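# Coordinate inspection notes
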Amino acid sequence: MIKQTIVNVVATASLNQDIDIEKLCQFKEILYDSNSYGGRVAYFKTNQMQGKVSIFLSGKLISIGTKSPSQAIKELFLTKQTLIEKGIIKEVEIQPKIQNMVITVDFGKQLDLEEFSEKTRAIYEPEQFPGAILRLEEPFKTSILLFASGKAVITALKNQDEIEPTIQALKNLIDSNQ
């Protein structure tokens with residue numbers, strides 16, 4: 001049985017207005033370090049949030065650390081609403097976009113990465129890294145780390161509908177090259 005877990009979702013949105021970092025830093029939900037990104041970013045985090053949202057001076061928001069696209073989008077809207085309520089920004093419509101989903105997969109069997117990499121376009125240099133690096137173009141453009149334990153990390157997925165076809169394509173590739 002194949003086990004899969006979404007481990008991180010990255011989503012972005014734009015507030016289409018500059019952020020006053022001095023005003024922003026007055027609030028307890030804001031984490032700010034003037035050394036991070038040259039002082040151009042602060043982080044919004046509450047106890048109710050799964051992840052955190054980076055707030056750039058340019059008004060760009062980046063949600064990281066959530067486990068679902070809907071949660072990432074919810075946290076972007078929460079950030080926007082909080083900034084409005086605190087008088088940091090004016091009312092604005094945002095259009096969140098999922099940029100990357102990272103999932104882990106366990107195929108439940110050991111893999112011979114040496115053999116797999118010889119038969120596919122996977123890059124496997126065990127002296128450098130213990131996993132094979134594989135890029136798939138179909139069914140979706142993704143990057144995959146594949147380990148001898150039968151576990152994999154798949155990145156660059158844009159929505160949940162891409163998960164199953166990508167896992168199935170990887171499973172078929174593994175099964176036909178082992």
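Criteria and cut-off values
- Residues numbered from 1 in each chain as written.
- Predicted model: local features only at pLDDT ≥ 70, side-chain atom pairs only at ≥ 80, totals over all residues.
- Heavy atoms only, no water.
- Helix = DSSP H or I, 4+ residues; strand = E, 2+ residues; numbered from the N terminus.
- Rg over C-alpha atoms; globule rule 2.2 N^0.38 Å.
- Contact = heavy atoms within 4.5 Å.
- Polar contact = N/O pair within 3.5 Å; in protein donor to acceptor, adjacent residues only side chain to side chain.
- Buried < 20%, exposed > 50% of the residue type's maximum accessible area, 1.4 Å probe, protein only.

## Points about the overall build of the chain
- Of regular secondary structure, the chain possesses four helices and nine strands.
- The helix and strand sequence of the chain, counted from the amino end, reads β-α-β-β-β-β-α-β-α-β-β-β-α.
- Taken against the 2.2 N^0.38 rule, which gives 16 Å for 178 residues, the C-alpha radius of gyration of the chain at 20 Å runs more than 25% over that of a compact globule.
- Here the C-alpha coordinates of the chain stretch approximately 60 × 35 × 25 Å along the principal axes.

## Notes on the environment of Gln17
- As for its placement among the helices and strands, Gln17 is situated in the loop between strand 1 (3–14) and helix 1 (21–24).
- Note: C-alpha distance between Gln17 and Lys60 (43 residues apart in sequence) is 8.6 Å.
- Residues within four places of Gln17 in sequence aside, it is in contact with Leu57, Ser58, Gly59, Ile89, Lys90 and Val92.
- Polar side-chain contacts of Gln17 include one of 3.0 Å to the backbone nitrogen of Lys90.

## Some details on the environment of Gln50
- Residue position: Gln50 is located in the loop between strand 3 (41–44) and strand 4 (52–56).
- Classification of Gln50 as partly exposed rests on a relative accessible area of 41%.
- Taking the C-alpha atoms as reference, Gln50 lies 30 Å from Ala132; in sequence the two are 82 residues apart.
- Apart from residues lying up to four places away in sequence, Gln50 is in contact with Lys45, Gly65, Thr66, Lys67, Ser68, Gln71 and Glu75.

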